[in-house]
Amino acid sequence: MSLADIAYLPETPAHDPEIDAINEEAFGPGRFARAAYKIREGGPHERALSFVAMDGGAVVASVRMTRIVAGKGTALMLGPLAVRPAYKNVGIGRRLVAIALEAAAKAGSAAVVLVGDEPYYGPLGFTRIPYGQIAMPRPVDYNRVLAHEIAPGAVAALTGMVHHADAVPASETA
């Protein structure tokens, strides 16, 4: 495999079966119990802001973005990011994140949030959200809740419970 052979493309519905297989391989059945997964259950991801890495005709990695709301703030949630084992540690995941962040900025998103490892995502512009600022619908290690701010002040506007943008309870919209 040569990195020159990898093509980065917007996700399409035809990629879904391979993306599902990559996510199962990367995260196993436990992924369904995670806080980020619970948020993503609230509605569809943003296909126009989600991308795949292709080697020939095969999807070898993917990243998805989902619209979220927390308090008066809005953002995108990045994830899952998954790379097939044979393609790890060569920069494909980082390239997908960079492409997704660029697309988020062009689309006018104010911030991007994720649950992930700071040593991996920190060099890509993510920092920890202050403790107690937001809450997740399932247990999560808040040391791993990170944000990339695109518009100044956008991360500070994210407060309280995080919801999929299509699944905000009426009690929180009043």
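Scope of this entry: the structure provided in the associated data block. Worth saying up front: this structure is predicted, and the values here are computed from it rather than measured.

How each quantity is defined
- Residues numbered from 1 in each chain as written.
- Predicted model: local features only at pLDDT ≥ 70, side-chain atom pairs only at ≥ 80, totals over all residues.
- Heavy atoms only, no water.
- Helix = DSSP H or I, 4+ residues; strand = E, 2+ residues; numbered from the N terminus.
- Expected span 1.5 Å × (residues − 1).
- Buried < 20%, exposed > 50% of the residue type's maximum accessible area, 1.4 Å probe, protein only.
- Arc of directions from axis to C-beta.
- Contact = heavy atoms within 4.5 Å.

**A word on unusual backbone geometry**
With an omega of 0 degrees, the peptide bond between Gly-79 and Pro-80 qualifies as cis. Relative to the elements of secondary structure, Pro-80 occurs in strand S4 (residues 73–83). The phi torsion at Asn-89 lies on the positive side, around 65 degrees, for a residue other than glycine. If you trace the backbone, Asn-89 turns up in the loop between S4 and helix H3 (92–106).

**Here we look at helix H1 (residues 16–27)**
Taking 1.5 Å per residue, twelve residues should reach 16 Å; H1 reaches 16 Å between its end C-alpha atoms and fits that length. Looking only at H1, the buried set comprises Ile-19, Ile-22 and Asn-23. Across the axial projection of H1, the buried residues extend over an arc of 100 degrees, all falling on one side. In H1, the exposed residues that point more than 90 degrees away from the buried face are Pro-17 and Glu-24. Residues of H1 that are buried in the fold lie against strand S2 (51–55), strand S3 (58–71) and S4. Immediately beyond the C-terminal end of H1, within one or two residues, lies Gly-28, with a positive phi of roughly 65 degrees.

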